[in-house]
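Report on the structure
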Amino acid sequence: MATLRDVANRAGVSIGSVSAVVNRTAPVSAALRQRVQQAIEELGYAPDGVARSLKTGRTRTIGLIIPDLTNPLFAALAAAIERACDAAGYALVLCASADDPEKELRHLQLMRTQRADGLILVLSGVEPGNAEAIRRLVTVPAVLVDRTLRGLPDLDSVMLDDRAAARMAVEYMIRSGHRRIGVITGRPGISTATDRFDGYREALDDAGIAFDEALAVCGDFQIETAKDATAALLHHRPRPTAIFSTSNLTTIGVMRAIAEQGFRCPKDVSVAGIGDFEWSTAFSPGLTAVVQPVRAMGERAVECLLARLAGTAPADPVRAVFAPQLAVRDSCRVIA
């Protein structure tokens, strides 16, 4: 088996130079990096990860826990985080929790066993006392993304301004003449669900529109649940003229219900929501949606984590809050 010294001899450089290339611990010239990489390929050299981690105390791995890989939001977030980790010389270990608090704890225990250098977490936090259990398992630098979690105020966080996002969508519908605006809420206990519902209420209050409890139904951030909730709204009398959807999967459920119940969007009911995705324009009509800067959020999370690992982060927790943007398409009509 080839060693670091063998690579150095083949490339005609010092062992330290090879180490700098392999471990990305120091800048090297492009020419030197190419010579070392060519020697590595010719010799079939593979670094001993276990030995290196014992020597350095680092595994060069970062753990990521997200709720659902099939959700376009979290898939895009994971892709952005993986690219940023790779560029920094870290491998990403990915786990999906299905928003199950017990499964999250098992994943955190796995990350601890595998000695991940740091963690990026999208957590549910819906169980009482869950924050304390998470705190016991998070023994390395960690960053919360997309969702906050009560009881973990000392962790860095990277979030969308969810209240502003909800207000942005609902205010647009109000400016379009809508006064009976239904809302498909998210899973209770998750910070994004709470903040987006609060933003919906604030937009109504600011416009002098009384909140109607009958127009707020839980979609649980799931397609089928949102579809059933929307069907109930559509048969409520008087029917809402517009529906605010609180997530991308929720919007899919909303649009399916409208079609299956024999209604038309936006003629019979307008729709606007939070969470844009690549196929938003493939819907007919194109969906009006609040855009989350997912790539920038993923990159910022990695940046925060690397700063913690390097000891260059500020003493106080970082609170990175990203502003939403509204993509106006054809799913929300103007009414008199």
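Preceding this section is the structure that the text describes.
Reference entry: report on the structure contained in this document. (Residues numbered from 1 in each chain as written. Predicted model: local features only at pLDDT ≥ 70, side-chain atom pairs only at ≥ 80, totals over all residues. Heavy atoms only, no water.)

A short note on the overall build of the chain
When helices and strands are counted, the chain shows 12 helices and 12 strands. Principal-axis analysis of the C-alpha atoms places the extent of the chain at approximately 80 × 40 × 35 Å. Relative to its full complement of 336 residues, the chain shows a buried share of 49%. Considering only contacts within the chain whose residues lie at least 6 apart along the sequence, 72% involve residues at least 24 apart. Each charge sign in the chain was given a centre, from 38 positive and 38 negative side chains, and these centres are 3 Å apart. (Helix = DSSP H or I, 4+ residues; strand = E, 2+ residues; numbered from the N terminus. Buried < 20%, exposed > 50% of the residue type's maximum accessible area, 1.4 Å probe, protein only. Contact = heavy atoms within 4.5 Å. Lys, Arg positive; Asp, Glu negative; His and termini not counted. Charge placed at Lys NZ, Arg CZ, Asp CG, Glu CD.)

Quick notes on unusual backbone geometry
Along the chain, Arg-237 connects to Pro-238 via a cis peptide bond; the corresponding omega equals -5 degrees. With respect to the helices and strands, Pro-238 occurs in the loop between α10 (223-234) and β8 (242-245). In this chain, Cys-265 is followed by Pro-266 through a cis amide linkage whose omega measures 5 degrees. Within the fold, Pro-266 resides in the loop between α11 (248-260) and β9 (270-274). Positive phi outside glycine occurs at Arg-60, with the angle close to 60 degrees.

Quick word on the pairing of strand β1 (residues 61-66)
The buried count for β1 comes to six of six residues, which makes it a mostly enclosed element. Both faces of β1 are covered, namely the face carrying Thr-61, Gly-63 and Ile-65 and the face carrying Ile-62, Leu-64 and Ile-66. Relative to strand β2 (residues 91-96), β1 is paired through six bridges, and the arrangement is parallel. Its bridge partner being in β2, Ile-62 is matched across the sheet by Leu-92. Each parallel crossover has a hand, and for β1 linked through helix α5 (residues 72-87) to β2 it is right-handed. (Pairing = 2+ DSSP bridges. Right-handed = clockwise from strand over helix to strand, strands pointing away.)

Side note on the nonpolar core
Ranked by size, the top nonpolar core spans 65 residues in total, and within it Ile-120, Val-170, Ile-181, Phe-244 and Ile-258 carry the most contacts. Dropping the residues within four chain positions of it, Val-170 is found in contact with Ile-181, Tyr-200, Ala-203, Leu-204 and Phe-244. In this structure, Leu-105, Val-138, Ala-142 and Met-159 belong to the second largest nonpolar core, which totals 20 residues. (Core = buried A, V, L, I, M, F, W, Y, C linked by side-chain atoms within 4.5 Å.)

As for the packing of α5 against helix α12 (residues 294-310)
Axis angle and axis distance: for two packed helices, these are the angle between their axes and the distance between the axes, and together they describe the pair. With their axes 8 Å apart at the nearest point, α5 and α12 run at an angle of 45 degrees to one another. The orientation of α5 relative to α12 falls into the category oblique. For the crossing formed where α5 meets α12, the hand is right-handed. The residues of α12 that touch α5, namely those facing Leu-73, Ala-76, Leu-77, Ala-80, Ile-81, Arg-83, Ala-84 and Cys-85, are Val-294, Arg-295, Gly-298, Glu-299 and Val-302. (Axes fitted to C-alpha atoms, helices over the stretch in contact; angles between N-to-C directions. Parallel < 35°, antiparallel > 145°, perpendicular 65-115°, else oblique. Left-handed = near helix turned anticlockwise from the far one by under 90°.)

Some points on the sheet that holds β2
Strands in a sheet are paired, the pairing made by backbone hydrogen bonds, and the direction either parallel or antiparallel. Ordered in space as β2-β1-β3-β4-β5-β11, the six strands form an open sheet in which the pairing is parallel. Two strands bound the open sheet, and with one partner strand each, they are β2 and β11 (319-322). In this sheet, adjacent strand axes meet at a mean angle of 15 degrees when their direction is disregarded. Sitting on the sheet, α5 touches β1, β2, β3 (118-121) and β4 (142-145), and the angle it makes with β1 is about 175 degrees.

Some points on helix α6 (residues 101-113)
The end-to-end C-alpha separation of α6 is 19 Å, in line with the 18 Å expected for 13 residues at 1.5 Å each. Among the residues of α6, those classed as buried are Pro-101, Glu-104, Leu-105, His-107, Leu-108 and Met-111. Seen from one end, α6 has its buried residues packed into an arc of 160 degrees, which puts them on one side. Of the exposed residues in α6, the ones pointing more than 90 degrees away from its buried face are Glu-102, Arg-106 and Thr-113. Against β1, β2, β3 and α7 (130-137) lie the buried residues of α6. Backbone geometry just downstream of α6 places Arg-115 in the positive-phi region, at approximately 60 degrees. (Expected span 1.5 Å × (residues − 1). Arc of directions from axis to C-beta.)

Examining α12
Compared with the 24 Å implied by 1.5 Å per residue over 17 residues, the 24 Å span of α12 between its first and last C-alpha is a close match. Buried-residue contacts for α12 involve β1, α5, β3, β4, β5 (156-160) and β11. The first or second residue beyond α12 is Gly-311, which carries a positive phi of 75 degrees.

Quick look at the pattern of salt bridges
When their charged atoms lie close together, side chains carrying opposite charge are able to pair. Going through the model one piece at a time under the given rule, you end up with 20 salt bridges. Notably, a salt bridge pairs Arg-147 with Asp-146, separated by 3.7 Å at the nearest N-O pair. On the basis of relative accessibility, which here comes to 5%, the residue Asp-146 falls in the buried class. Its salt-bridge partner being Glu-299, residue Arg-295 comes within 3.2 Å of it at the nearest N-O pair. Here Arg-295 and its partner Glu-299 are both found in helix α12, four residues apart, which amounts to about one turn of the helix. With relative accessibility at 52%, the residue Arg-295 sits in the exposed group. One salt-bridge network, in which partners are shared between bridges, spans Arg-163, Arg-167, Glu-171, Asp-198, Glu-202 and Asp-206. (Salt bridge = Lys/Arg side-chain N within 4 Å of Asp/Glu carboxyl O.)

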